[in-house]
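Structure at a glance
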Amino acid sequence: MTADVHPTGGYPTWSEVREVGPRDGLQNEDPITVEERIELIDALSATGLRAIEVGSFVRADAIPAMARTDEVLAGITRVEGVRYRALVPNLRGADAAIDAGADEIEVVLSVSATHNGKNLKMTVDDSVAQIGAIVERAAEAGTPVEAILATSFGCPYEGRIEPDAVLAVAEQLRDRGVGTFSFADTTGMATPPTITALLDVLDAGGWAPDSVALHLHNTRGTGLANLLVAAQRGVARFDASVGGLGGCPFAPGATGNVPTEDVVHLLDSLGMATGVDIDSLIDVALDLEKVIGRTLPGQVMRAGPWYRLPRG
Ligand code: ZN
């Protein structure tokens, strides 16, 4: 797919919203049942979303909410055209994800050495080497691998992360055969200028905007502003979680991906076709609140899309 940019230098006319609620969101909640996870994913599959992160293959004692992801994958009703993705921490996890039928594998490392050490108990170089091994294993199975570069805009331990450091890690991963990349604002520290600064460096390094995906958290309320400046630069792939569910268990105080309904609503308004039915998505978010038993931070799920006038 290539970025089809308006002649005025505006926005791409396409987008891909990748739902991460069933993994990035739920991993921070009290565990819900396998059946509830399957129902959530099936409901999301029916909204028009084309990529859904279904869970991760980590040790159950490390993240109890992600236990039995193999059963989740076995239980969902697959919709044609939807890619069901799973996060894996190592080769064993990759094997499990492939055996369970994941369409795509996601691997994560942190650009910040301190965050990588605390989160993954590895040096960045060791993480790069391990990801290389996962790419080789996945290639044998014909399964694509995407790398998530955590703390690409800031680290709760190290502060600002320089774009050159992000580019250096991304290039190492590309050399190891990683196909697609997601630059993650793991703890919601990005602002429009830091988004622009990274895109400038990636541009200069020969990375086209349509090879870039952004994983934004709304921890400090800058999520949609960050998305907007990236979209102006031609970025069209964005992670989001239904209702704004989630956070990061390894980043103290970090809460919430950008809410999927809010992202879809904004992208639709920009003419960046999402293929997602906003009303179905809002229903999923409202139902999810009942399952997890708390109010979610999404805003369009409360107000509805702007063009829907209040009744009365
Ligand atoms: Zn995240």
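The structure this text deals with has already been given above.
Given the structure is predicted, the values throughout are model-derived calculations rather than measurements.

Some words on the environment of Cys-155
You can see Cys-155 is positioned in strand 6 (residues 154–155). Owing to a relative accessible area of 1%, Cys-155 belongs among the buried residues under this scheme. Spatially, the C-alpha atom of Cys-155 lies 6.9 Å from that of His-115, the residues being 40 residues apart in sequence. Contacts of Cys-155, omitting those with residues within four sequence positions, involve Ser-112, His-115, Ile-161 and Met-189.

Re the environment of Gly-75
Structurally, Gly-75 is set in helix 3 (residues 69–75). Each C-alpha atom of the pair Gly-75 and Ala-97 lies 14 Å from the other, and the pair is 22 residues apart in sequence.

Some thoughts on the pattern of salt bridges
Counted according to the given criterion, the structure contains 20 salt bridges. Note that Arg-83 is salt-bridged to Glu-104, the shortest N-O span being 2.2 Å. Placement of Arg-83 in strand 3 (residues 83–87) and of Glu-104 in strand 4 (residues 104–110) is noted, with a sequence separation of 21 residues between them. Residue Arg-83 is classed as partly exposed on the basis of its relative accessible area, which comes to 26%. Assessed through its relative accessible area of 10%, Glu-104 is described here as buried. Shared partners join several salt bridges into a network, and the residues in it are Glu-16, Arg-18, Arg-83, Arg-85, Glu-104, Glu-106, Glu-146, Arg-237 and Asp-239.

Re unusual backbone geometry
The backbone phi angle of Lys-121 is positive, close to 60°, even though this residue is not glycine. Checked against the element boundaries, Lys-121 lands in the loop between helix 5 (113–120) and helix 6 (124–141). Although it is not a glycine, Thr-151 adopts a positive phi angle of roughly 55°. Its place among the elements puts Thr-151 in the loop between strand 5 (145–150) and strand 6.

Some words on the nonpolar core
Ranked by internal contacts, the top residues of the largest apolar core, which has 90 residues, are Ile-105, Leu-149, Leu-173, Phe-183, Ile-195, Leu-214 and Phe-238. The leading source of residues in this core is helix 11 (residues 278–292), at 7 residues. Once residues lying within four places of it in the same chain are set aside, the contact partners of Leu-149 are Leu-109, Val-111, Val-166, Val-169, Ala-170, Leu-173, Phe-181, Ser-182, Phe-183 and Ala-184.

As for the pairing of strand 5
Counting buried residues along strand 5, 6 of its 6 residues qualify, which places the element largely inside the surrounding structure. Sheet analysis places strand 5 next to strand 8 (residues 180–185), joined by 4 bridges and oriented parallel. Among the inter-strand pairings, Ala-147 is bridged to a residue of strand 8, identified as Phe-181.

Here's the deal with the coordination of the zinc ion
Coordination sphere of the zinc ion, protein contribution only: Asp-24 (OD), His-215 (NE2) and His-217 (NE2), at 2.0 to 2.1 Å. Sequence spacing of the donor residues for the zinc ion, all on one chain, is D-x190-H-x1-H. Taken together, the positions of Asp-24 in helix 1 (residues 21–25) and His-215 in strand 9 (residues 212–216) put the pair 191 residues apart, joining distant regions of the chain. An identical accessibility class is assigned to Asp-24 and His-215; each is buried.

Parameters at a glance
- Residues numbered from 1 in each chain as written.
- Predicted model: local features only at pLDDT ≥ 70, side-chain atom pairs only at ≥ 80, totals over all residues.
- Heavy atoms only, no water.
- Helix = DSSP H or I, 4+ residues; strand = E, 2+ residues; numbered from the N terminus.
- Buried < 20%, exposed > 50% of the residue type's maximum accessible area, 1.4 Å probe, protein only.
- Contact = heavy atoms within 4.5 Å.
- Salt bridge = Lys/Arg side-chain N within 4 Å of Asp/Glu carboxyl O.
- Core = buried A, V, L, I, M, F, W, Y, C linked by side-chain atoms within 4.5 Å.
- Pairing = 2+ DSSP bridges.
- Donors = N, O, S within 2.8 Å, 3.2 Å for Na, K, Ca; no water.

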